[in-house]
Number of protein chains: 2
Amino acid sequence: MKNSQLYKGSLTTIVMTLLGENGRMYGYEITQKVKEITKGELKITEGALYPALHKLEAEGVLEVEIENVDNRLRKYYKLTEKGTTETVNRLAELEDFIRNMQALVQPKLDTI
Amino acid sequence: MKNSQLYKGSLTTIVMTLLGENGRMYGYEITQKVKEITKGELKITEGALYPALHKLEAEGVLEVEIENVDNRLRKYYKLTEKGTTETVNRLAELEDFIRNMQALVQPKLDTI
DNA sequence: TTTATTACATAAGATTATTATGTATATAGA
DNA sequence: TCTATATACATAATAATCTTATGTAATAAA
């Protein structure tokens, strides 16, 4: 996940948001989508992603559909009803977070 | 630090930026300043702040001046030369981070 | 005199991520 | 054909960071 520590804590928000936008996705697809959207600046590692997906599933935020495509396993994840509600909250928190961070660094950011 | 996980990883960036803006500050002052700027939305806990300050000092990012004010100890921290350079990098990383998070959350806006 | 505020500190435990490793199939290129 | 790369999942050891709880101690307010 790059050099920056800042992405720590943002993984589940990213995953839930992407699932909210795209309906359903499988793990590998999520890593590629994130890489594409951030132009390679953010690379989700498998060691972080898969345990996170399992945890979200265990919490009832995601549900999974296993499919076999080209003789290869795929686990499609999508938001549950609970997950959709949580995602709305997460997005509100992200907005607050960004606003607060900008307020904290405002004067310096303008000079870059 | 509120309910949101998003602030994880942002503590040192916040501390370094505030010190860059204010010259020198002591720990308790930092907690109050952050609370003030974020209107109470972000509360830096002491258990997170003090170890972080000690680590930054050990890394040569911060230097400390101990003073006695009203018979009470104060440890003023300020950026070293190295710390100032690092802070510029941190702010650039923060900008990238915010830009990437916004792109991930609003992919449709990018195509307009 | 009790509570809240100021001001530092650390330790146990939880959470999260990195790094390394493993399995397995498919495909492209030398 | 062999090798490397891509696809697609997974886990375990370790590292880093934060929360929660606790501790010391002085000042100020109720």
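Residues numbered from 1 in each chain as written. Chains lettered and ligands numbered in written order. Predicted model: local features only at pLDDT ≥ 70, side-chain atom pairs only at ≥ 80, totals over all residues. Heavy atoms only, no water.

- An unreviewed UniProt entry annotates chain A as PadR family transcriptional regulator originating from Flavobacterium silvisoli.

### So, the pattern of salt bridges
Residue and element names in this part refer to chain B.
Then, number 1: On inspection of all chains with the given rule, the structure shows 13 salt bridges over all chains.
Then, number 2: With its nearest N and O atoms 2.6 Å apart, the salt bridge here joins Glu 65 to Arg 24. Residue Glu 65 is found in strand E2 (residues 62–69), and its partner Arg 24 is found in the loop between helix H1 (11–22) and strand E1 (25–26); the two are separated by 41 residues along the sequence.
Then, number 3: Classification of Glu 65 by relative accessible area gives partly exposed; the value is 30%. (Salt bridge = Lys/Arg side-chain N within 4 Å of Asp/Glu carboxyl O. Helix = DSSP H or I, 4+ residues; strand = E, 2+ residues; numbered from the N terminus. Buried < 20%, exposed > 50% of the residue type's maximum accessible area, 1.4 Å probe, protein only.)

### A few points about the relation of the copies chain B and chain A
Then, number 1: Each copy of the sequence occupies a distinct position, and chain B is placed on chain A by a rotation of 180 degrees and an axial shift of 0.0 Å, giving an RMSD of 0.1 Å. Expressed as an axis order, the relation between the two copies is that of a two-fold axis. Closest to the rotation axis within chain B is the C-alpha of Lys8(B), separated from it by 3.0 Å. (Least-squares fit on C-alpha atoms with pLDDT ≥ 70 in both.)

### A closer look at the interface of chain B and chain A
Then, number 1: Of the residues lining the interface, 38 residues belong to chain B; the matching set on chain A comes to 37 residues.
Then, number 2: Carbon and sulfur atoms make up 69% of the area that chain B and chain A hide from each other, which totals about 3,500 Å².
Then, number 3: A per-residue breakdown of the area chain B buries against chain A is headed by Leu6(B), Phe97(B) and Leu104(B), which together make up 21% of the total.
Then, number 4: Linking chain B to chain A there are 2 salt bridges.
Then, number 5: The salt bridge involving Glu41(A) is made with Arg99(B); its shortest N-O contact spans 3.7 Å.
Then, number 6: In this structure, the connection of chain B to chain A is made through 4 residue pairs in polar contact (both at pLDDT 80 or more).
Then, number 7: Among the elements of the structure, H1, helix H2 (27–37) and helix H4 (81–105) of chain B are those that each provide at least two residues to the side of chain B that touches chain A.
Then, number 8: No other element matches the 16 residues that H4(B) contributes to the side of chain B that touches chain A.
Then, number 9: When its residues are assigned to classes, the side of chain B that touches chain A shows 18 nonpolar, 12 polar and 8 charged. (Contact = heavy atoms within 4.5 Å. Buried area = accessible area lost by both parts, 1.4 Å probe. Polar contact = N/O pair within 3.5 Å; in protein donor to acceptor, adjacent residues only side chain to side chain. Nonpolar A, V, L, I, M, F, W, Y, C, P; charged D, E, K, R; others polar.)

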